[in-house]
Amino acid sequence: MTDSDESDDQRRARGLPPEPRPAGQERPPVNPPTPVKVSFVLWILSGLVLMAGFGFTLTARQEIVDTLIDMNTDPRVTDEQIASGTTSLLWVLFIGAVVFAALFALFAYKAREGTRSARTVLTVLAAIVLIFQMILFSNLITLAAAFLAIVATVLMYLPGVAHYFPKVSKSLR
């Protein structure tokens, strides 16, 4: 049997990703286990909530700037510098949230197809989001996004879905 005659499930059982399809060719429907389906939805929600959280933080820019100006004890740093730096940082955080949401969607889609490496990338992204929430401008909304990402990650590592993300055997490397 050649690789092109194998179904995606047969390739997955051998530890391989689904066969690449030429552009325009329809993919057979994917039927992942229920925890993987739920994880996919949670990844999408996490990305949307993360964008909403940093969007909310961006709308509270002036309050953050005022607080930072009040906390400033260095006479060399002007109020304008604080305002400019804070505005830039908040925009970078918002754009970063949009990028993370796109990465969540892309890799969650690939994990939904049974790609083990996508599960690994999502695990790293969830860890980054969690660490980021502990360091910078977290609010209840962005903490909820981190929580959703952690739950989505845990669902992909449940024993009942291990067969869906098989290890690549040493002979295939």
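Scroll up to find the structure.
Not measured: the values here are computed from a predicted model.

Enquirer: Describe the overall build of the protein chain, naming the residues involved and giving the relevant values.
Expert: Per the secondary structure count, the protein chain includes six helices and zero strands. Along the chain direction, N to C, the helices and strands of the protein chain fall in the order α-α-α-α-α-α. Buried positions account for 33% of the 173 residues belonging to the protein chain. For the protein chain, the share of sequence-separated contacts (at least 6 apart) that also reach a separation of at least 24 residues comes to 71%.

Enquirer: Report on the layout of surface pockets, specifying residues and quantitative values.
Expert: Counted as a void, the largest pocket has a volume near 150 Å³. Lining the largest pocket are Leu50, Phe54, Val92, Leu93, Gly96, Ala97, Phe100, Ile128, Val129, Phe132 and Gln133. Broken down by secondary-structure element, the contributors of at least two residues to the lining of the largest pocket are α2 (34-59), α4 (79-112) and α5 (116-135). Per-element tally for the lining of the largest pocket: the top contributor is α4, with five residues. Its residues placed into classes, the lining of the largest pocket shows nine nonpolar, two polar and no charged.

Enquirer: Can you break down the pattern of salt bridges residue by residue, with the values?
Expert: Within this structure, the stated rule accounts for two salt bridges. In this structure, the salt-bridge partner of Asp74 is Arg76, at a minimum N-O distance of 3.1 Å. For Lys110, the salt bridge identified is with Glu113, shortest N-O distance 3.1 Å. For Lys110, a relative accessible area of 29% translates into the label partly exposed.

Enquirer: Any details on α2? Residues and values, ideally.
Expert: Taking 1.5 Å as the rise per residue, α2 with 26 residues should run 38 Å; its terminal C-alpha atoms sit 37 Å apart, in good agreement. Taken as a whole, α2 has its buried residues at Val36, Ser39, Leu42, Trp43, Ser46, Gly47, Leu50, Gly53, Phe54, Gly55, Thr57 and Leu58. Check the buried side of α2 and you find it contacts α3 (61-71), α4, α5 and α6 (140-156).

Enquirer: So what's going on with the packing of aromatic side chains? Residues and values would help.
Expert: Two descriptors summarise a pair of aromatic rings, namely the distance from one centre to the other and the angle between the planes of the rings. Scanning the model with the defined rule gives four aromatic pairs in all. Consider the rings of Phe100 and Phe104, whose centres lie 6.1 Å apart with planes at 90°: the pair is edge-to-face. With Phe100 and Phe104 both in helix α4 and four residues apart, the pair spans about one turn of that helix. Overall, the relative accessible area of 0% leaves Phe104 in the buried class. Grouped by ring-pair contacts, the aromatic residues Trp43, Phe100 and Phe104 constitute a single cluster.

Enquirer: I'd love a proper account of the nonpolar core, names of residues and values included.
Expert: With 28 residues, the main nonpolar core has Trp43, Leu50, Phe104, Ala111, Leu122, Met156 and Phe165 as its most contacted residues. Going through the elements one at a time, α2, α4, α5 and α6 are the ones with two or more residues in this core. Among the elements that line this core, the one with the most residues is α6, at seven residues.

Enquirer: Quick one: what's the story with a negative patch on the surface, residue by residue and with numbers?
Expert: A surface patch of negative charge is lined by Glu63, Asp66, Asp70, Asp79 and Glu80. Within the residue set of the negative patch, elements represented by two or more residues are α3 and α4. Among the elements that make up the negative patch, the one with the highest residue count is α3 (three residues). Along the chain, Asp70 turns up in helix α3.

Enquirer: I'd like a description of the packing of α2 against α4, backed by residues and values.
Expert: Each packed pair of helices is defined by two parameters, the angle between the axes and the distance between the axes. One can describe the packing of α2 onto α4 by two numbers: an axis separation of 9 Å at closest approach and a directional angle of 175°. Between α2 and α4, the crossing angle belongs to the class labelled roughly antiparallel. Here the contact of α2 with α4 is built from residues that sort into 21 nonpolar, four polar and one charged.

Reading guide: rules and limits
Residues numbered from 1 in each chain as written. Predicted model: local features only at pLDDT ≥ 70, side-chain atom pairs only at ≥ 80, totals over all residues. Heavy atoms only, no water. Helix = DSSP H or I, 4+ residues; strand = E, 2+ residues; numbered from the N terminus. Buried < 20%, exposed > 50% of the residue type's maximum accessible area, 1.4 Å probe, protein only. Contact = heavy atoms within 4.5 Å. 1 Å grid on protein atoms, 1.4 Å probe; cavity = no way out; pocket = protein on both sides within 12 Å on 5 of 7 lines; lining within 4 Å. Points joined across faces, edges and corners; volume = space filled by probe spheres on them. Nonpolar A, V, L, I, M, F, W, Y, C, P; charged D, E, K, R; others polar. Salt bridge = Lys/Arg side-chain N within 4 Å of Asp/Glu carboxyl O. Expected span 1.5 Å × (residues − 1). Phe/Tyr/Trp six-rings, centres within 6.5 Å; stacked < 30°, edge-to-face > 60°. Core = buried A, V, L, I, M, F, W, Y, C linked by side-chain atoms within 4.5 Å. Patch = residues over 30% accessible without salt bridge, like charges linked within 9 Å, V, L, I, M, F, W, Y side chains within 5 Å. Areas by Shrake-Rupley, 256 points an atom, 1.4 Å probe, with all protein chains shown as cover. Lys, Arg positive; Asp, Glu negative; His and termini not counted. Charge placed at Lys NZ, Arg CZ, Asp CG, Glu CD. Axes fitted to C-alpha atoms, helices over the stretch in contact; angles between N-to-C directions. Parallel < 35°, antiparallel > 145°, perpendicular 65-115°, else oblique.

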